[in-house]
Amino acid sequence: MEDSNFPLDFNEDEETLDEDEFNIPKFSLPTLESILAEPDDESTLVLDELSLSNVPDEGTSSIIAESINALSEDYRPPELDALKNWETTSIASNESRPKERGIKSVHGSVISLNRMTMLSENLASSAEKRNAGRPTVLAVSSLIGVGTSRGFVLIFDTDQKLKMCLGTPQIGEKYGGVSALEFNIDVTRMLVGYSKGEILMYDITNGKLLRTITDATPPGTAVLHVKFTDDLTLAVCNDSGGSVFELNFRRVMGVRSCESRCLFSGSRGEVCTIAPLHLTQVIADHAVRDRHLLAMGTLTKVFVVALRPKTKVVFLHRLGMNPSSAPLISWKLSHFKYNDHTTVDPMLMFARGDVVYFFHARCEGWGDIKFVHLRTMNLTYKIINLAWINSQTIVLVDVREQLHVLDVDSQTDLESKSADHIKMVYNNATFKSIATGGNVSAALATVGERACYHSMVSNGGSIYLLGYDSIYTATLNNWKDRINIALTYSHQHALKLALTFYNGTAKAAIGLPSGNREERMNLVSEMILEILVEFVDLSMTSLCPDSGKLQVLIDFYRNVVPVCVDHCLHIGRVDVLFTRIYERFRDDCVAHGAFLECLEPYIINDRLMIINPQVMKDFIEHYQAKNMLESIEQCLLHLSVESLDLNQVMHMCWAYGLYDAIISIHSRGMNDFITPFCELLLMLQSSLKTGNPLSDKLTTLGNKLLVYMSSCLAGIAYPTGNLARSTSMSVKDQMFECLTTPFMTEKGLEGIYPVVQTLLHFSTKEFLNVLSLNFAEEYFRDEEGCSKVQCIVDILLQVMVENEGFRPDQIGSLFTFLARQSARQNSPLHLTTLLRHQVVEFLTTPSDNSTDNEERQQALVELLECGVLSSDDRERSGETARLVELAEQAAFYRVLKILHTRSRRFDLVFLAHLRDTSSDSDAFHYVIETMSSYDKSEMEKKLVKNIVMDHIKDLIKLDSGRMASLFMSVFKESMQVIAEKLKDDPLMLFNFLRGIFGDRSKHSSTNDLNKLGGISMESYFGGEDMDDETSTSSYPNDPHICELYLDLLCQYKKDEVLDFVQECYVVRPRTALDLVLRHGADDASAFLLEKSGDISAAFNILIGVCKEKMQLLGSGGGVEVDVGGGRYYEIINTSMDKVVRLCQRNSKKLVEKQREKLWFSLLDLTLKPQNNGGGGQDPPPPHLDFCKERARKTLNSMIGHMSLSAVLQKIIQDPAYKSGEFSEIKNLLLGMLDTYQYEKTLIGTTLHLLSRDRYKSLNQLKSSITHGIAPRSQFCSICRNPLLRGGSATLVTDAASQKMIVFRNGSQYHEGCLLRGGSVSQISLQNCASVEKDRSSFESWRKPQQQQMGASFVSGVQISDNNGGGGGNQKTRERSKSKVRTTSFLQDFEDKRFTLKIKSPPLM
């Protein structure tokens, strides 16, 4: 709202407000410009506890405006802390969501829009007969009132019949059209506001005019709103000037009167809408009943004022700037639950543009009202009106006259419906005050373009919409009506909507019992069943495809059946599914089959566990006929046994071998876990006795029996699920008893321990694995469990070892099993010595299967670790020796490591590590660990060292680098000793030395790259080419070893010789040069010659290599294609680049003649193929283009090292270019000029950057020197005396005490105080550190060699004191114009020289 810039004038009789009493913060009134300039998204809420007495109109309006304008960013009452985290949601219109044609939202048709036909016709008839004019405003209570443009008010009853017509043509001519209309709370009075500012009060019971109020609003303004409060004697109105007035009705001695009081002046912000809070008689004791809350909305704010007992602002909220949208306000009583009790409190909803806010008016006591933010809705459309249709649902009208139904709690847009055919009435003429000359502000006129406050009224669960010539009502549809409307689109859509009512998740649902959940679900479920039956009937008749393929019909029914099953399961009416609905599908064979097949996924997912016996019978017969036996078995595992025909099901399962179903039905239905196991085991035993290979079906049976046995021993259900604890223990005991029963002839099983014997014959390894897995369970871990394990082991030994019929590999699996179990059990298994020897003999027997070998070795390791096979006893020493022998034969190195470690033969342990090829074996690590161990004797370490020396070659083969590190760091052996041992094997010696020197080819440095020929920035701009002192080397210091490695490197890795000689400076240059020359390492030879200063010899070597490669180009034509094509050109380029870089590195060291010899020799080499190859061949050979390109690159490389005149003369005199046209050398010349231009530009840019940097530095220096310094105080920081007097630390006659020292940080001192310390006692503890720091800086500044380091000072004030004869002091002040400035930084800057070490090319 706009605020005036003029000061507030209060009358003398106004009551003074106590700031302490009402906690009013200090503030200054903001201007209109400052309020309008505030950000739109800023929402500051302030509850100003302002109490107002009965003061005149202007004072009241001023105080309300003052309380609203007292918005301070620094003041936020504590009760508003809850508003920091607002819940904000963006709600999109249903119109903006993509929808398929004909498909409605899940909420269905929520609202219906109906025309009030009789009322509309009566309205039209009255307008025609009485010349009442068009309708302008609407008011609804138990009666309906319509104001017209000719000043009439038409009153209709609930039957839409015209009850009375208020007003006359004279009133219309005098007061204008009706602009506002309102019934009082008991519908006995009506206030009518007119467009020329008058207000009339009528008695609705008899149509009598009671009051004519002509002075309620200022002249020339229209009445925008007129509202009754709950007090029949109190009303409020709002005019087109933006002011709000309070109307107090009085009747004294039969004379009716009205007193008007201005609550809010439009000069301080134009109010567009007002809304008083109305409380019903049901909550007569509410705390706010007698407060008469009035909400007002201006162009920028919404605020709430309590009219009684004192006018007081209780809430204020700033609105976003939206010039074309009017503020909207609406109250609603709603239930709120907190602190375990429910209260009915007002809820304030207000909006502007596309944002809607909700606040809870919470009463704490009888005088304190706090507004708590509930939520904020951000819409995707702009609204022009809003209204509550019930306590949870609101209706919004957007600028396109679309009705949007929103659920407040979920903030969901339920439905959007077009209302543009209503042609809603807008109040723009009233807001523009056309009847009074249009004297309104531009802002209010803009907002009024779409103002329709009186065209949408909510009452009794309906919303009334005023159109141009008719009135419509918008009401929520009953839940049945919504479902019936959805049926017109599709049955599935109707069923989906009905489920929301059944679940209680439907929004805006009416007509259902709210308190009784069961009653609600029964009502909805009956309707769902009716829809389902109708849907099935239609699917079998009209909706069914008439013609087409059979698969089309099957797919159709497969889409219909799940709808029926899902909804019947959801509402718990499976009985209807398997009776009425099933019988309807059963009439058609295709539909019947589709129905039965659609039941399978519901059964598998345990959603359908009980099926009608007749349906189950048909289900099994159908699947059996289609040979879908696996599906039947899976369904039987999930269905309840009570719903099965056991005779039919078991007969089918045995006939078709549905073993899982047999076991599951017995265990779940009969609680019998052993009988099916024995019956199935008998089938397996009978088949095994024949000696024939088992069929796939019987193999599957055997595997299932093993899994079932494992499940029973673990106490879990088969095939899935869990058992009760008591049942679980019983099943474990029953299965254990079954395994340990020696004879089971009554079950038909033959032999001793038939269960164990049969399963061992079926699969020995898998049966033992099952036992091993279950022995880890808690059932076998306690003392009793260990005895059970021993019992089963004894049975296994009796069955397999003492009897015949098992193969050696099966016996071996048993021994492996026994070894593993002996190591894992809490108490070791009892094994005889003979049996233990048999186990060891078997485990150490080599096998062709590597997996079996690893399992056996692991078993032996576990036996050794658990102590079953111990080498500590003397009696078992022979057994240990035998075990070592067997382990060596089987190559069980892990076993050998354990045995030799126990016997302290660490040398043999090393051999085991050396021979073990597994990833977890590390011989080097073991040697280091052993040699550094303190529990090993010197003799034992010596044995390890000796055996390592004997197997030095094996270690080198493993890892030469680690081997070298081992000998150098652990054994401390000299490399000469190792070299002597390996001299008979040069390759092995090379690998050993390579481990010492490392693979240097992967770690070449930038310096080395430069030495190879690369040009760095440092060398290009004048840096040193090769700096031997800065190069570091990690090579041994023995030159003989380095030269030996160099010799071997030349033999086996010639490509790494150059890197080595570049990095290693230990080798003697002459010896190294002889070695590389002897072995033909050209690159290394050239490097050493260049390093020794023989540039010519180095050049000859490299140029010789290039000549050899270039000769192949002209030898036979097409050689380049035979030798790798383009790859051969790359080889030549690489060789030529090495020569070029050699010439570039050394050009500045040579005189001009020497440079010409090098460069021109290289140029001749590149030009020679052109002289010999181009001849008269047509087309020219391919290598000719390559040679020309190579010549161009060489010429470009020469620039900067040779004069251009000499280069051009050489080109012109060359036979390849001497005879011919200019075009042949055009590209060469242009390339040279381009290079020259590029380098010229580069130098100019660099100089420009350096000049700009120098200018910037000098400019900063100048600004720093000329910047003024101001002291923070007029007193010395030490003595606290004025700076213009002498300090206390010195005499007055001391000139130093009369000088003032000011630092850049603002600190100020007398020079004498700073030098001599001043009165230290006067310095506070906080200032001591800063004073000492300033004193130190000042002392350093005074030294000539360190002037002005750390701070800049001004010595600018000097005071001379003259003592008079009479004791009086006369002070003469003289300001010195000289300033002490240091030039050390400037001099240092000027001393710098920015130079480029680059040779500029000569100008032509």
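Let us look at the structure shown here. What you see is a predicted model; the values in this text were computed from it and never measured. (Residues numbered from 1 in each chain as written. Predicted model: local features only at pLDDT ≥ 70, side-chain atom pairs only at ≥ 80, totals over all residues. Heavy atoms only, no water.)

What follows deals with the overall build of the protein chain. If you tally the helices and strands in the protein chain, you get 52 helices and 33 strands. Classification of the 1404 residues of the protein chain by burial places 50% in the buried group. Surface exposure of the protein chain reaches about 68,600 Å², of which carbon and sulfur atoms provide 50%. (Helix = DSSP H or I, 4+ residues; strand = E, 2+ residues; numbered from the N terminus. Buried < 20%, exposed > 50% of the residue type's maximum accessible area, 1.4 Å probe, protein only. Areas by Shrake-Rupley, 256 points an atom, 1.4 Å probe, with all protein chains shown as cover.)

What follows is about a negative patch on the surface. A cluster of like negative charges, contributed by Glu777, Glu778, Asp782 and Glu783, occupies part of the molecular surface. Examined against the element boundaries, glutamate 783 turns out to sit in helix α23 (residues 783-800). Classification of glutamate 783 by relative accessible area gives exposed; the value is 72%. (Patch = residues over 30% accessible without salt bridge, like charges linked within 9 Å, V, L, I, M, F, W, Y side chains within 5 Å. Salt bridge = Lys/Arg side-chain N within 4 Å of Asp/Glu carboxyl O. Lys, Arg positive; Asp, Glu negative; His and termini not counted. Charge placed at Lys NZ, Arg CZ, Asp CG, Glu CD.)

Our focus in this paragraph is the packing of aromatic side chains. Applying the stated criterion to the full structure yields 25 aromatic pairs. Considering the side-chain rings of phenylalanine 315 and phenylalanine 350, the 6.2 Å spacing of their centres and the 55° angle between planes classify their relative orientation as tilted. With a gap of 35 residues between them, phenylalanine 315 in strand β18 (residues 312-318) and phenylalanine 350 in strand β20 (residues 341-352) connect regions that are remote in the sequence. With relative accessibility at 2%, the residue phenylalanine 315 sits in the buried group. Grouped by ring-pair contacts, the aromatic residues Phe315, Phe350, Tyr357, Phe359 and Phe371 constitute a single cluster. Above the ring of phenylalanine 736, the side-chain terminus of lysine 788 is found at 5.4 Å from the ring centroid. (Phe/Tyr/Trp six-rings, centres within 6.5 Å; stacked < 30°, edge-to-face > 60°. Lys NZ or Arg CZ within 6 Å of the ring centre and 35° of its normal.)

This paragraph deals with the nonpolar core. Formed by 88 residues in total, the largest nonpolar core has its most connected members in Phe910 and Phe1060. With nine residues, helix α42 (residues 1095-1115) is the largest single contributor of residues to this core. Counting 76 residues, the second-largest nonpolar core is a separate cluster that includes Met735, Leu835, Val839 and Ala887. (Core = buried A, V, L, I, M, F, W, Y, C linked by side-chain atoms within 4.5 Å.)

A few words on the pattern of salt bridges. Evaluation of the coordinates by the stated rule reveals 28 salt bridges. A salt bridge links lysine 689 to glutamate 750, with the shortest nitrogen-to-oxygen separation between them at 1.9 Å. Taken together, the residues lysine 689 in helix α18 (residues 675-689) and glutamate 750 in the loop between α20 (725-740) and α21 (754-762) connect sequence positions 61 residues apart. Exposure remark for lysine 689: the relative accessible area of 48% places this residue in the partly exposed category. Lysine 897 is the salt-bridge partner of aspartate 916, the closest N and O atoms lying 3.0 Å from each other. Of this pair, aspartate 916 sits in the loop between α29 (906-915) and α30 (923-931) while lysine 897 sits in helix α28 (residues 893-902), and the two are 19 residues apart along the sequence. Per residue, the accessibility class of aspartate 916 equals that of lysine 897, and both read buried.

Now for the sheet that holds strand β7 (residues 178-183). Taking strand neighbours across the sheet as the criterion, the four strands line up as β7-β8-β9-β10 in an open arrangement whose pairing is antiparallel. Of all the strands in the sheet, the pair left with one neighbour each is β7 and β10 (208-213). Shown here is a sheet whose adjacent strand axes are inclined to one another by a mean of 20°, direction ignored. Pairing of strand β9 (residues 199-203) with β10, which is carried by five bridges, proceeds in the antiparallel orientation. Residue pairing for β10: isoleucine 199 is matched across the bridge by isoleucine 213. (Pairing = 2+ DSSP bridges. Axes fitted to C-alpha atoms, helices over the stretch in contact; angles between N-to-C directions.)

The strand order across the open sheet formed by four strands is β23-β24-β25-β26, and the pairing between neighbours is antiparallel. Strands at the two margins of the open sheet, each flanked by one partner only, are β23 (383-390) and β26 (412-418). Between one strand and the next, the sheet's axes are offset by a mean angle of 20°, whatever the strand orientation. Relative to strand β24 (residues 393-398), β23 runs antiparallel, the two being bridged by six bridges. What sits directly across from isoleucine 383, in β24, is aspartate 398.

Turning our attention to the side chain of aspartate 239. Its place among the elements puts aspartate 239 in strand β12 (residues 234-239). Arginine 268 provides the closest opposite charge to the buried, salt-bridge-free aspartate 239, at an N-O distance of 14 Å. With near-sequence residues (within four places) excluded, aspartate 239 lies in contact with Thr217, Pro218, Thr221, Ala222, Val223, Leu224 and Phe245. (Contact = heavy atoms within 4.5 Å.)

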